[in-house]
Amino acid sequence: CGGCRGEQSTTGGVMCPTYRATGEEIQTTRGRANLLRAAMAGEMRPEEYLTDTFIEEVLDLCIGCKGCAHDCPSAVDMAKMKAEVTHAYHQRHGASVRTRLFAQFGRIAPLAARVAPVVNLLQRAPGASMIQERLLGIAQERSLPRFAGESLRRWYDARGGCALDEQQAKDRVVLLPDTYTMFIEPENGRAAIEVLEAVGVHVELAPYTGGSGRPPFSKGMLDVARSRAEQTCRTLEPYISEGRDVVVVEPSDAVMLQSDYRDLLGASATAVSEATYGIMEYLRETDALSTVAVAGGDRHVQYHGHCHQKATGRAGAAAAVLSAAGYRVDEVDSTCCGMAGSFGYEREHYDLSQAIADILIDQLEPTSAIIAASGTSCRTQLGDRALTAEHPVQLVAAALDAASA
């Protein structure tokens, strides 16, 4: 129907960021799906569609935003199909060093965090950005993540666990730490725990499982993603069996548990999928702020929702909670930010990533409004454009602090 081209009233929300930036039919959901349909119908041989050319020209510029799964009238899930075909390509030809590094970031991060000062210093060394581009194809315009001096686990253990007595809590949850929240942006995890405690929720911090499996899933390494999913489910099931919900700070990881685990593991992931909430979803579903004093001060917030949450109908939770916290919220009718996990870091994709970001930047009003974005990728992209964006849970924590001051 061409909805992904923006020519039909059926177009909405996220779909299709790469087409909006390039205007090329091959970059639409329809263009990619038609070629995949030809492959599945036997009109193309594996040696034709499991090739560098097919992957690069047809699938490589799909950023896996999942917008088509929600916005396309036919519900064409290109992100899932890309993962499957790319996995088949890797099985036949192997994966590049860069692909493996990005896919295994959840395993690399704990090692780098142990020597965070050294890693952070090396990243700032003269010529480091040029080396990362030449050796790994990571755009030298991008700064790699800096690791925190204190992980979320170390902070949680140092304070003696949850500050709220479990017997006095009105609810109990387990917080699953994603890679960024554990090692790179633990301040968001701390804010989530403190907000939950303030509204009477006892929080257990789950052991780190190596990540939810989102990076390997996005890079088409489905065997690695499935292994992560199985380990995460094994870790969470004892908590769920005792009646705890699962709360996740990073939206792409939350959606991984809620949706993609069902594709990877089938019915065995049902309990985890149904028990999982993004932090802002949990606060909305439990109407958590209704029993506490908040003082957002009627400050203006422009909220950019994460594309995976938009695709699964969950992006509105953050705006609702921020409004309940006393902020004046405008939801930006935006598509993907263009970073899309590792996509925006890759040299060959940097310019397109910036072109997609331009669409978002143009939608943000040039005012003194606070910018809020749930996704780490979104905040990184905006930060590279000299715009500071806050995780919504940080704003909720600030509203609680202001009310108690």
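Residues numbered from 1 in each chain as written. Predicted model: local features only at pLDDT ≥ 70, side-chain atom pairs only at ≥ 80, totals over all residues. Heavy atoms only, no water.

Draft legend 1. Geometry of the overall build of the protein. Secondary structure summary: the protein contains 23 helices and eight strands in total. Relative to its length of 405 residues, the protein is compact, with a C-alpha radius of gyration of 21 Å against a globular reference of 22 Å. Dimensions of the protein, computed from C-alpha atoms along their principal axes, come out at roughly 65 × 50 × 45 Å. Each of the 405 residues in the protein was classed as buried or not, and the buried ones make up 54%. Contacts spanning at least 24 positions in sequence make up 75% of the contacts within the protein whose residues lie at least 6 apart. Summing over all exposed atoms, the protein offers an accessible surface of approximately 17000 Å²; the carbon and sulfur share of this is 49%. Computing the positive centroid from 39 side-chain charges and the negative centroid from 52, the protein places the two 3 Å apart. (Helix = DSSP H or I, 4+ residues; strand = E, 2+ residues; numbered from the N terminus. Rg over C-alpha atoms; globule rule 2.2 N^0.38 Å. Buried < 20%, exposed > 50% of the residue type's maximum accessible area, 1.4 Å probe, protein only. Contact = heavy atoms within 4.5 Å. Areas by Shrake-Rupley, 256 points an atom, 1.4 Å probe, with all protein chains shown as cover. Lys, Arg positive; Asp, Glu negative; His and termini not counted. Charge placed at Lys NZ, Arg CZ, Asp CG, Glu CD.)

Draft legend 2. Region of the structure containing the pairing of strand β5 (residues 300-304). The element β5 is largely enclosed, with a buried count of five among its five residues. Residues of β5 alternate between two faces, with H300, Q302 and H304 on one and V301 and Y303 on the opposite face, all of them buried. Pairing analysis gives four bridges linking β5 to strand β6 (residues 328-331), with the strands arranged parallel. Directly across from V301, in β6, lies its bridge partner V329. By the bridge criterion, four bridges tie β5 to strand β7 (residues 370-373) in an arrangement that is parallel. Bridge pairing in β7 links Y303 to A372. (Pairing = 2+ DSSP bridges.)

Draft legend 3. Expanded view of the confidence of the model for the protein. Confidence in the prediction of the protein, expressed as mean pLDDT, is 90, and 97% of residues score 70 or more. Low confidence marks residues 8-12, where pLDDT is under 50. Its contacts with residues over four positions away, or in another chain, come to 13 contacts. (pLDDT = per-residue confidence, 0-100.)

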